[in-house]
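Reading the structure
Read off the chains here:
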Amino acid sequence: MLKTTRLLSAVAGAAVLALAGCAPQSSSTAASGASGSAASCTKGALATMASGKLTVGTDNPAYTPWFDNNDPSDGKGFESAVAYAVAQQLGYAKGKVDWTVAPFNNVITPGQKKFDFDVNEVSITDERKQAVDFSTGYYDVRQAVITLKGSKFAGATTVAGLKGAKIGAQVGTTGLTVVQKVIAPTTQPSVYDTTDLLTSALKDHQIDAFVVDLPTAFYITSEELPNATVTGQFPSGAATSDGKPEQFGLVLPKGSALTSCVSQAVEALQANGTLTALAKQWLPASDTAPVLK
């Protein structure tokens, strides 16, 4: 149900709607890097890494439902579709978008980047904003916990009901933050480099549960590990320090001259309904998993 082979025509039409200039940046979650202006946001002629092209980064593998068949360039999957919608908003046709592999841990740390922006389910946090710039958030996300069916933790309805579990999470993620600060299990969390390793660890009973974002959790339990279940999702804001909704943002190099322009492209796609339509097309509904109390 998560792999759809076509883009909605209404979405495609909305994605190409462009603002004549750069509107003021409105989101408090956008990074405070170099600011753009109407003059600097000339469509299709930004100061990108490769003249006349937009270079977009993501990890390998690129997971469903965010991407399709580990091929970011096909336009299928929520984040691939979002990347191309942002590119069009900035004046770059699909043929002018180049993809490059950018490992998650390299994306969120200081240093030179090989992309104009990266899209890889990266949550906006104050700590990460010290190292990189973020666009305005393009998706509000919640974290969820996966257990094996029949596990004594599969019926947990509260956070307290998970404290005795051996829980895993991916290194450097907000899922790990939720495990450490919200669940605070009695056993030290197990930390893995990738989601694939988490899935294998649960399958092999090395851990009792693990925490990932909700859409990924639905995909894993429906396609990769059908004997597992999404036990529940955490309340909105569980992974943030201020209790505000957790958001994914496009990542840019610290101080990038493109940050404001990319943010304004995201905001235009919010305003014309494209992001909402893409989320409905590619991602499962969040109200299908119970909220842990």
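Details of the structure are given in the entry above.
The following refers to the structure shown.

About the thresholds
Residues numbered from 1 in each chain as written. Predicted model: local features only at pLDDT ≥ 70, side-chain atom pairs only at ≥ 80, totals over all residues. Heavy atoms only, no water. Helix = DSSP H or I, 4+ residues; strand = E, 2+ residues; numbered from the N terminus. Buried < 20%, exposed > 50% of the residue type's maximum accessible area, 1.4 Å probe, protein only. Lys, Arg positive; Asp, Glu negative; His and termini not counted. Salt bridge = Lys/Arg side-chain N within 4 Å of Asp/Glu carboxyl O. Polar contact = N/O pair within 3.5 Å; in protein donor to acceptor, adjacent residues only side chain to side chain. Contact = heavy atoms within 4.5 Å. 1 Å grid on protein atoms, 1.4 Å probe; cavity = no way out; pocket = protein on both sides within 12 Å on 5 of 7 lines; lining within 4 Å. Points joined across faces, edges and corners; volume = space filled by probe spheres on them. Nonpolar A, V, L, I, M, F, W, Y, C, P; charged D, E, K, R; others polar.

1. Describing the side chain of Arg 128
Mapped onto the secondary structure, Arg 128 falls in the loop between β3 (117-118) and β4 (132-134). It turns out Arg 128 is buried and unbridged, and the closest side chain with the opposite charge, Glu 246, is 6.3 Å from it. One polar contact links the side chain of Arg 128 to the main-chain carbonyl oxygen of Ser 123, over a distance of 2.8 Å. In this view, Arg 128 contacts Phe 104, Ile 108, Val 122, Ser 123, Phe 134, Gly 172, Thr 173 and Thr 174; residues no more than four positions away in its chain are not counted.

2. Remarks on empty space enclosed by the protein
Counting across every chain of the model gives one cavity of 30 Å³ or more. If you add up the space inside the largest cavity, you get close to 40 Å³. Every residue lining the largest cavity is listed: Val 141, Arg 142, Gln 143, Phe 234, Pro 235, Ser 236, Gly 237, Ala 238, Ala 239 and Glu 246. Partitioning the lining of the largest cavity into residue classes produces five nonpolar, three polar and two charged.

3. Quick look at the environment of Gln 89
Among the structural elements, Gln 89 can be located in helix α2 (residues 78-90). In the structure, Gln 89 is positioned 172 residues away from Cys 261 in sequence and 9.7 Å away in space, judged by C-alpha atoms.

4. Thoughts on unusual backbone geometry
Omega for the bond connecting Asn 60 with Pro 61 falls within 30 degrees of zero, at 10°, which places this linkage in the cis form. In this fold, Pro 61 is placed in the loop between β1 (54-58) and α2. Following Thr 64, the chain continues to Pro 65 via a peptide bond in cis, the omega torsion being 10°. For Pro 65, the location among the structural elements is in the loop between β1 and α2. One non-glycine residue, Asn 69, lies in positive phi territory at about 55°.

5. Here's the deal with the layout of surface pockets
Its boundaries defined by the atoms lining it, the largest pocket holds a volume of some 710 Å³. In this structure, the largest pocket is lined by 29 residues; those nearest its centre are Ile 124, Thr 125, Asp 126, Glu 127 and Ala 239. Elements with a minimum of two residues in the lining of the largest pocket: α4 (174-183) and β11 (246-248). The residue makeup of the lining of the largest pocket, split by class, is nine nonpolar, 12 polar and eight charged. One number sums up the size of the second largest pocket: a volume of about 460 Å³. Mapped onto the lining of the second largest pocket, the elements with two or more residues apiece are α3 (104-107), β7 (167-170), α4, α5 (195-203) and β9 (209-213). The element that contributes the greatest number of residues to the lining of the second largest pocket is β9, accounting for three residues. A class-by-class count of the residues in the lining of the second largest pocket yields 11 nonpolar, 12 polar and five charged.

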